[in-house]
Amino acid sequence: MSTLITTTNVERTFGTGALTTRVLKGISMTVEAGEFLAIMGKSGAGKSTLMYQLSLLDEPTAGHIMIDGTDVVALNEVEATTFRLNTLGYVFQDYALVPDLSAEENVMLPLLMRGAAWEAARLTARGAIDAVGLEGKYGNLPAELSGGEQQRVAIARAVAGKPKILFADEPTANLDSISGRAIIDLITRLNQENGQTVVMVTHEREYAMGANRIIHMEDGQITGIEELRPL
Amino acid sequence: MRSLRIGLLLGLRQIQRANFWTTGLIIFVMMLTFLNLIAVSGILVGLIAGAEAAVRERSLGDIILSPRDDEDHILETEAVERQLSAFPEIIAYSVRYQGGGELEANYMERRDLRGERDIAAVSVTGIDVERELAMTGINRDIVAGEFLAPDDEGYIVLGALYTEEYASNFGDIFETVSGVEPGDTVRLTIGEVSKEFVVKGILQSKVDEVSLNTYIPEREFRRLFGRIDRNADQIVIRVEEPARNDEVKAALVGLGLERQAKIQTYEEGKPKFITDIKNTMNLLGTFIGSIGIVVASITIFIIVFINALSRQRQIGILKGIGIDRRAIELAYVMQAAFYALAGSALGALLTYGFLLGYFERNPIKFPFSDGILVADPEETALRFVVLFTITLFAGFLPAWLIVRKNTLNSILGRK
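Residues numbered from 1 in each chain as written. Chains lettered and ligands numbered in written order. Predicted model: local features only at pLDDT ≥ 70, side-chain atom pairs only at ≥ 80, totals over all residues. Heavy atoms only, no water.

A.B. asks: Just checking my understanding: could you explain the overall build of chain A for this structure?
C.D. replies: Secondary structure summary: chain A contains seven helices and ten strands in total. Rg of the C-alpha trace for chain A: 17 Å, near the compact-globule value of 17 Å for 231 residues, within the 12% margin. A principal-axis box enclosing the C-alpha atoms of chain A has dimensions of 55 × 40 × 40 Å. Across the 231 residues that make up chain A, the buried fraction comes to 55%. Look at the contacts in chain A between residues 6 or more apart in sequence, and 68% of them connect residues 24 or more apart. When the accessible surface of chain A is totalled, it reaches about 9,300 Å², and 50% of it is carbon and sulfur. Here chain A contributes 19 positively and 29 negatively charged side chains, and the mean placements of these two sets differ by 2 Å. (Helix = DSSP H or I, 4+ residues; strand = E, 2+ residues; numbered from the N terminus. Rg over C-alpha atoms; globule rule 2.2 N^0.38 Å. Buried < 20%, exposed > 50% of the residue type's maximum accessible area, 1.4 Å probe, protein only. Contact = heavy atoms within 4.5 Å. Areas by Shrake-Rupley, 256 points an atom, 1.4 Å probe, with all protein chains shown as cover. Lys, Arg positive; Asp, Glu negative; His and termini not counted. Charge placed at Lys NZ, Arg CZ, Asp CG, Glu CD.)

A.B. asks: I'm lost on the overall build of chain B in this one. Help?
C.D. replies: When helices and strands are tallied, chain B shows 14 helices and twelve strands. A compact globule built from 415 residues would reach a C-alpha radius of gyration of about 22 Å, whereas chain B, at 32 Å, exceeds it by more than 25%. Buried residues in chain B amount to 49% of all 415 residues. Expressed as a percentage of contacts within chain B between residues at least 6 apart in sequence, the contacts between residues at least 24 apart total 79%. Counting every atom, chain B has about 19,800 Å² of accessible surface; 58% of that belongs to carbon and sulfur. When the 44 basic and 54 acidic side-chain charges of chain B are each reduced to a single mean position, those positions are 18 Å apart.

A.B. asks: Looking at this structure, how should I read the interface of chain B and chain A?
C.D. replies: The accessible area lost on association of the parts is a frequent measure of interface size. At the interface, 26 residues of chain B touch 27 residues of chain A. Between chain B and chain A, roughly 2,500 Å² of surface is buried when both sides are summed, and carbon and sulfur atoms account for 63% of that area. Taken as a group, B:Arg5, B:Ile321 and B:Leu408 account for 23% of the area that chain B buries against chain A, more than any other trio of residues on that side. At the boundary of chain B with chain A, the tally comes to four salt bridges. One salt bridge connects A:Glu77 with B:Lys319, and the closest N-O pair in it is separated by 3.9 Å. At the junction of chain B and chain A, the tally comes to eight residue pairs in polar contact (both at pLDDT 80 or more). Among the secondary structure elements, those contributing two or more residues to the side of chain B that touches chain A are helix H1 (2–17), helix H11 (312–320) and helix H14 (407–412) of chain B. (Buried area = accessible area lost by both parts, 1.4 Å probe. Salt bridge = Lys/Arg side-chain N within 4 Å of Asp/Glu carboxyl O. Polar contact = N/O pair within 3.5 Å; in protein donor to acceptor, adjacent residues only side chain to side chain.)

A.B. asks: How should the domain arrangement of chain B be read in this particular structure?
C.D. replies: Residues and elements named next belong to chain B. Each domain of chain B was delimited in the assignment, giving domain 1 (2–56 + 274–412) and domain 2 (68–260). Here domain 1 and domain 2 have C-alpha centroids that lie 51 Å from each other. Taking both sides of the interface into account, the surface hidden between domain 1 and domain 2 amounts to around 570 Å²; carbon and sulfur atoms contribute 49%. By the criterion of area lost to domain 2, the three top residues of domain 1 are Val55, Arg56 and Pro367, representing 64% of everything that side buries. On the surface where domain 1 and domain 2 come into contact, there are one residue pair in polar contact (both at pLDDT 80 or more). (Domains from an automatic or database assignment.)

A.B. asks: Help me understand the side chain of B:Thr351 in this model?
C.D. replies: Residue and element names in this part refer to chain B. With respect to the helices and strands, Thr351 occurs in helix H12 (residues 325–361). Judged by relative accessible area, Thr351 falls into the buried class, the value being 0%. Among the polar contacts listed, one links the side chain of Thr351 to the backbone oxygen of Gly347, at a separation of 2.7 Å. The contact partners of Thr351, leaving out residues within four places of it in the chain, are Phe34, Leu35, Ile38, Leu356, Leu373 and Ala375.

A.B. asks: Can you help me understand the packing of helix H3 (residues 103–113) of chain A against helix H4 (residues 118–131) of chain A in this one?
C.D. replies: Think of two packed helices as two axes; the pair is described by the angle between the axes and how far apart they sit. Residues and elements named next belong to chain A. Interhelical geometry of H3 versus H4 gives an angle of 120 degrees and a closest axis separation of 8 Å. Overall, the two elements H3 and H4 adopt an arrangement that is oblique. At the point where H3 passes H4, the crossing takes the right-handed sense. Of the residues in H4, those in contact with Ala103, Glu104, Val107, Met108, Leu111 and Leu112 of H3 are Trp118, Ala121, Arg122, Thr124, Ala125, Arg126, Ala128 and Ile129. Of the residues in the contact of H3 with H4, the class split is ten nonpolar, one polar and three charged. (Axes fitted to C-alpha atoms, helices over the stretch in contact; angles between N-to-C directions. Parallel < 35°, antiparallel > 145°, perpendicular 65-115°, else oblique. Left-handed = near helix turned anticlockwise from the far one by under 90°. Nonpolar A, V, L, I, M, F, W, Y, C, P; charged D, E, K, R; others polar.)

A.B. asks: Which parts of the structure should I look at to understand the sheet that holds strand S4 (residues 62–67) of chain A?
C.D. replies: Pairing between the strands of a sheet is mediated by backbone hydrogen bonds and can be parallel or antiparallel. All names here are of chain A. What the four strands build is an open sheet, ordered S2-S1-S4-S5; its pairing is antiparallel. If you trace the sheet from one side to the other, it starts and ends with strand S2 (21–32) and strand S5 (70–71), each paired once. Against the sheet, helix H1 (residues 47–54) makes contact with strand S1 (3–14), S2 and S4, and its axis sits at roughly 60 degrees relative to S2, the strand it touches most. (Pairing = 2+ DSSP bridges.)

A.B. asks: Is there a simple way to explain H11(B) in this structure?
C.D. replies: Count 3.6 residues to each turn of an α-helix, and residues three or four apart come out pointing the same way. The buried fraction of H11(B) amounts to eight of the nine residues, a majority that puts the element mostly inside the structure. Among the residues of H11(B), those classed as buried are B:Gln312, B:Gln314, B:Ile315, B:Gly316, B:Ile317, B:Leu318, B:Lys319 and B:Gly320.

A.B. asks: I would appreciate a short explanation of the environment of B:Pro377 in the present structure.
C.D. replies: Residue placement: B:Pro377 occurs in helix H13 (residues 377–403). Counting along the chain gives 237 residues from B:Pro377 to B:Arg140, while the straight-line C-alpha distance between them is 32 Å.

A.B. asks: Can you help me understand the packing of H1(B) against H12(B) in this one?
C.D. replies: Residue and element names in this part refer to chain B. Interaxial distance between H1 and H12 falls to 7 Å at its minimum, and their mutual angle equals 45 degrees. With respect to their mutual orientation, H1 and H12 come out oblique. The way H1 lies across H12 gives a crossing that is right-handed. Counting all contacts with H1, which are made through Ser3, Leu4, Ile6, Gly7, Leu8, Leu10, Gly11, Leu12, Gln14 and Ile15, the residues of H12 involved are Arg326, Ala327, Leu330, Ala331, Tyr332, Met334, Gln335 and Phe338.

A.B. asks: For this particular structure, what's the right way to read helix H2 (residues 20–60) of chain B?
C.D. replies: All names here are of chain B. The principal kink in H2, of about 30 degrees, is found at Gly46. Its side-chain oxygen at 2.9 Å from the backbone nitrogen of Trp21, Asn19 defines the N-terminal cap of H2. One or two steps after H2, the chain reaches Gly61, where phi turns positive at roughly 70 degrees. (Bend = angle between axes of the 7 residues up to and from the residue.)

A.B. asks: It is not clear to me how the packing of aromatic side chains should be interpreted in this structure. Could you clarify?
C.D. replies: Describing an aromatic ring pair means giving the distance of the ring centres and the angle of the ring planes. Tallied over the entire structure, the rule returns eleven aromatic pairs over all chains. Taken together, a centroid distance of 5.8 Å and an interplanar angle of 5 degrees make the contact between B:Phe301 and B:Phe305 stacked. Of this pair, B:Phe301 and B:Phe305 are both found in helix H10 (residues 272–310), four residues apart, which corresponds to roughly one turn of the helix. Taken together, the ring pairs in this structure connect A:Tyr90, A:Phe92 and A:Phe167 into an aromatic cluster. The cationic tip of B:Lys195 hangs over the ring face of B:Phe197; the distance from NZ or CZ to the ring centre is 5.1 Å. Cation over ring: B:Arg404 sits above B:Trp400, and NZ or CZ is 4.6 Å from the ring centre. (Phe/Tyr/Trp six-rings, centres within 6.5 Å; stacked < 30°, edge-to-face > 60°. Lys NZ or Arg CZ within 6 Å of the ring centre and 35° of its normal.)

A.B. asks: Whenever I open this one, the pattern of salt bridges confuses me. Can you help?
C.D. replies: This structure, assessed with the given rule, holds 44 salt bridges over all chains. Ionic pairing is found between A:Asp100 and B:Arg311, a salt bridge with its closest N-O pair at 2.6 Å. Separated into two different chains, A:Asp100 in the loop between strand S6 (88–91) and H3 and B:Arg311 in the loop between H10 and H11 make up a pair that spans both. B:Lys200 is the salt-bridge partner of B:Asp152, the closest N and O atoms lying 2.6 Å from each other. Note that B:Asp152 is positioned in the loop between strand S4 (142–145) and strand S5 (155–159) and B:Lys200 in strand S7 (residues 193–203), a separation of 48 residues in sequence.

In structure tokens form, the structure reads like this:
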């Protein structure tokens, strides 16, 4: 077991002077390789902001974040983009697929960006789409898929390149309960069967039950860590 | 290379999935811009080109022989003529004698000898009628009466701008005689010598050298002007392949004809003001076309800006999943390139497939020329490159502005 993410006193403030808002107040935590970590908390607790810091979409105001041995806070924009491409996978709340590209092409995008040949990228993408249960829907445009199917494509896109960490930001937020459950099952299976490290933000405790640990947040601080099942 | 591949994929798919009518409208705007750039200056230049073509056809021909700078006339004109007759590439030539005189009309009806005479200072050209018609076909410009016949004696053909009736449109610019019609008698005075001529026809051409001229047979010219040496003032030549007139000129020089005359191709001998006006028109056309380019650039900028702005979140997400910003910018540049290429291709098709031929068959009638459309392929290519480059920039700039925004702000739709 090795530590994949270590944060030390991560702070994030917005605004200046009297209007300064401290959204994260010295977050220190770790994520182990192969772990499924759920982050829970009420709206405004800072869980999404923490996720943005961990996934390099935002820069902390203070503190350090080490991911897979790299001090990611020190990376510039181009380096951060490359790091995200090669190391992280990201599933957004609202699927965030490119509407002009087919399901297959959406999944191929990061693979091509990594330098994969077209045909190899296509094969890998089809394999990833098959793995999320959408066999044969390679050529469908996002608009031709249901919300649950789009989120599956988004997951396929996030994991096709075998990232070290999969971030999922409330991936069930826009889905009905059945589709939401299916998505959570899929993510859990990825973790349990493939050893995929997952960091997921969710409101629903039910959806966090497949995680190894749940981090509870309130007012920008970690208020508790709940161990559900050992790694 | 990776960015290029992704950029092309994103750009291509955006174009494919875009609304057909919107894309069509943008391409239509680009086509109009292309036409504005090519056709406006092409027609402006074409006005002059039309005039130039008319001057070449009706007056100066492809090669012009004129007196050497140190002589008054072309020396040994008859010997020169013999050389020209034997030259295979020369299909026609005309030997002209030129001078100035005073034309008087209505003198027989004049009762008051102290009253004002109806006179005009005129240019007189003596011609071999057969050779002149073979060379220029100016008889086609006759608007009243008929042109001289080869054996005519005592007849004159007047340029329309010497008659009040035809020149009245131009105000008082020209000296004219009034009420002259074919069959009337006029008097031509050269120095102390006068001779009466019957007006056989009136010539009206868009070439001033024709409309501001009077034509009489060369025999009578020589008698009237006392030119017994038969040395002419101008020989104009038509060659088989006008584009190779410089080669024919070189051959004539090689024959030693420069000892008798100054030899110039049409391009060398044409009046300098034609080139000046042509350049001015070209400049004017380029200026007007440039306004079109600016408008098109702004149009493309707005289209790409709105497109990129409406996809701001998607752009943020693409960056979020690790897509290089250059790839995203390239996708929008590619869109702009597509609009420019498609619009220009349609514009070029319309220009070369239809407009050039149309204006050739239906020239724009102007007082001084029959305007055609001039679209030199090299010039067109150059203008296309300018349009294309500016369009690419107009596509890149808004994409760059949007893509450079903070990734998270783009994803969250924050300003």
